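Report on the structure
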Amino acid sequence: MELKRFPSIYVLLVFLFLGFIYYVTVFVFIEDWLGLPSFAGSLNALIFTFLASLCAFSFCICAFTDPGGVPSSYVPDVEEYQISDQETKKTGVHRMQCDKCSIHRPPRAHHCRVCRRCVLKMDHHCIWINNCVGHRNYKPFLVLIIYATVASTYSATMIISCVLQKDWNSSQSLPLKIFYVGCGLMIAGLSLTLGTFLCWHIYLTAHNMTTVEYYEGKRAAWLARKSGLSYHHPYDVGFRKNVTLVLGPNMLKWLWPTSSSHIKDGLDSRSTRDNS
């Protein structure tokens, strides 16, 4: 990943928003509700600081890690041509040569119009990390969503608890009430959004599927039904194996974004089929 790709208005907005959430959660709401000098206040501030740090770390790993490009020297072997040709006839969704790059590409690679190259096992281009989400950085992306969902839910809990216990009958200014309620609604909405996004990617991970492949699969299933056939996602090798292909075989390292020794070069699309 070239360093010049990292600075972007969206990336800066993410860090500013993260800083805002951290500040108001710790120094406004936890301080107002429990008091930072108290044991409960210090403990909650420490927990949220830990979660926010994991979010920031995972975000940086996601943004700086190259998702995986197709080497210019890549040429699929004869068997791969035959497999892809058969799948193309059935589904009509894959082409072995990119129309834009004019290079051969593995079956799970797709062209990104933003990055202007083919990306291995491309899921989508994420403007918030200014990078594609693909073969090499999908795990840190998934881990990022997990930490962000947990952190935002924790923050929402702190804020809503503070709002509910606050004595609003006393002389409190209207702008302060609007600020408290507005923050609660905003963080609760963020938690719901991230939680929904997390559920979506858990579903994709459980089926060893990318977002691109999901929509291609819908079309493939329609074409198969039209021909009186049934469609099965060719890379789905069972829940347990699908999860370990993304997160790794060691459960203790599942939530560590830099643990990626299990990730191969991503060029051999047949590896998942051979393991089924």
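Quick caveat: nothing in here was measured; it's all calculated off a predicted structure.

Quick notes on the nonpolar core
Within the largest apolar cluster, 25 residues are counted, with the highest numbers of intra-cluster contacts made by Phe29, Phe48, Ile159 and Tyr180. Mapped onto this core, the elements with two or more residues apiece are α1 (9-33), α2 (39-64), α4 (138-165) and α5 (174-206). Leave out the neighbours within four places in its chain, and Ile159 touches Thr25, Phe29, Tyr180, Cys183, Gly184 and Ile187.

Digging into the confidence of the model for the protein
Across the protein, the average pLDDT comes to 86, with 87% of residues at 70 or higher. Long-range and interchain partners of residues 88-94, a stretch whose pLDDT sits below 50, account for 15 contacts in this model, where long-range means more than four residues apart.

Things to note about helix α6 (residues 211-226)
Between the first and last C-alpha of α6 there are 23 Å, a value that for 16 residues agrees with the 22 Å anticipated at 1.5 Å per step. Among the residues making up α6, those that are buried are Thr211, Glu213, Gly217, Ala220, Ala221, Leu223 and Ala224. Of the residues trailing α6, Gly228 is marked for its positive phi of about 75°.

Section: the packing of α1 against α5
It is the contact of α1 with α5, at a shortest axis distance of 12 Å, that shows an interaxial angle of 125°. The angle between the axes of α1 and α5 places the two elements in the oblique class. The handedness of the crossing between α1 and α5 is left-handed. Within the contact between the two elements, α1 uses Phe17, Phe20, Ile21, Val24, Val28, Phe29 and Asp32 and α5 uses Phe179, Tyr180, Cys183, Met186, Ile187 and Leu190. Of the residues belonging to the contact of α1 with α5, the class tally is 12 nonpolar, no polar and one charged.

A word on the packing of aromatic side chains
Two aromatic rings, taken as a pair, are described by how far apart their centres are and by the angle between their planes. Considering all chains together, one arrives at 16 aromatic pairs under this definition. Ring centres of Trp200 and Tyr203 lie 6.0 Å apart, and the angle between their planes is 25°; this geometry places the pair in the stacked category. Taken together, the residues span about one helical turn, with Trp200 and Tyr203 both in helix α5 at a distance of three residues. Exposure remark for Trp200: the relative accessible area of 25% places this residue in the partly exposed category. A relative accessible area of 34% means that Tyr203 is categorised as partly exposed. Grouping aromatic residues by their ring pairs yields a cluster made of Tyr22, Tyr23, Phe27, Phe48 and Tyr154. Lying over the aromatic face of Tyr235, Arg108 brings its terminal NZ or CZ to 4.2 Å of the ring centre.

What to know about the pattern of salt bridges
The final tally for this structure, using the stated rule, is three salt bridges. Asp32 serves as the salt-bridge partner of Lys166, at 2.9 Å between the closest nitrogen and oxygen. Residue Lys166 is found in the loop between α4 and α5, and its partner Asp32 is found in helix α1; the two are separated by 134 residues along the sequence. Lys166 gets classed as buried once you look at its relative accessible area, which sits at 15%. We note a salt bridge from Asp66 to Arg117, for which the minimum N-O separation is 2.9 Å. Separated by 51 residues along the polypeptide, Asp66 in the loop between α2 and α3 (78-91) and Arg117 in strand β2 (residues 117-119) bring together distant segments of the chain. Judged by relative accessible area, which is 26%, Asp66 ranks as partly exposed. Residue class for Arg117 comes out partly exposed when judged on its relative accessible area of 26%.

Brief notes about the side chain of Asn137
Mapped onto the elements of the fold, Asn137 is located in the loop between β4 (131-133) and α4. Among the polar contacts made by the side chain of Asn137, one reaches the main-chain carbonyl oxygen of Cys132 at a distance of 2.8 Å. In terms of polar contacts, Asn137 uses its side chain to reach the backbone amide nitrogen of Gly134, at 2.7 Å. What Asn137 contacts, discounting residues up to four positions off in sequence, is Cys62, Thr65, Pro67, Ile129, Asn131 and Cys132.

Structural notes on α1
Between the first and last C-alpha of α1 there are 34 Å, a value that for 25 residues agrees with the 36 Å anticipated at 1.5 Å per step. At Thr25, α1 shows its strongest bend, of approximately 30°. Inspection of α1 places Val11, Ile21, Val24, Thr25, Val26, Val28, Phe29 and Ile30 among the buried residues, and these make up the whole buried set. Here the buried face of α1 lies against α2, α4 and α5. By the N-cap criterion, in which a side-chain oxygen at the helix start approaches the backbone nitrogen of a residue two or three places on, α1 is capped by Ser8, the distance to Tyr10 being 3.2 Å. At the exit of α1 stands Gly35, carrying a positive phi of roughly 85°.

The rules behind the values
- Residues numbered from 1 in each chain as written.
- Predicted model: local features only at pLDDT ≥ 70, side-chain atom pairs only at ≥ 80, totals over all residues.
- Heavy atoms only, no water.
- Core = buried A, V, L, I, M, F, W, Y, C linked by side-chain atoms within 4.5 Å.
- Buried < 20%, exposed > 50% of the residue type's maximum accessible area, 1.4 Å probe, protein only.
- Helix = DSSP H or I, 4+ residues; strand = E, 2+ residues; numbered from the N terminus.
- Contact = heavy atoms within 4.5 Å.
- pLDDT = per-residue confidence, 0-100.
- Expected span 1.5 Å × (residues − 1).
- Axes fitted to C-alpha atoms, helices over the stretch in contact; angles between N-to-C directions.
- Parallel < 35°, antiparallel > 145°, perpendicular 65-115°, else oblique.
- Left-handed = near helix turned anticlockwise from the far one by under 90°.
- Nonpolar A, V, L, I, M, F, W, Y, C, P; charged D, E, K, R; others polar.
- Phe/Tyr/Trp six-rings, centres within 6.5 Å; stacked < 30°, edge-to-face > 60°.
- Lys NZ or Arg CZ within 6 Å of the ring centre and 35° of its normal.
- Salt bridge = Lys/Arg side-chain N within 4 Å of Asp/Glu carboxyl O.
- Polar contact = N/O pair within 3.5 Å; in protein donor to acceptor, adjacent residues only side chain to side chain.
- Bend = angle between axes of the 7 residues up to and from the residue.

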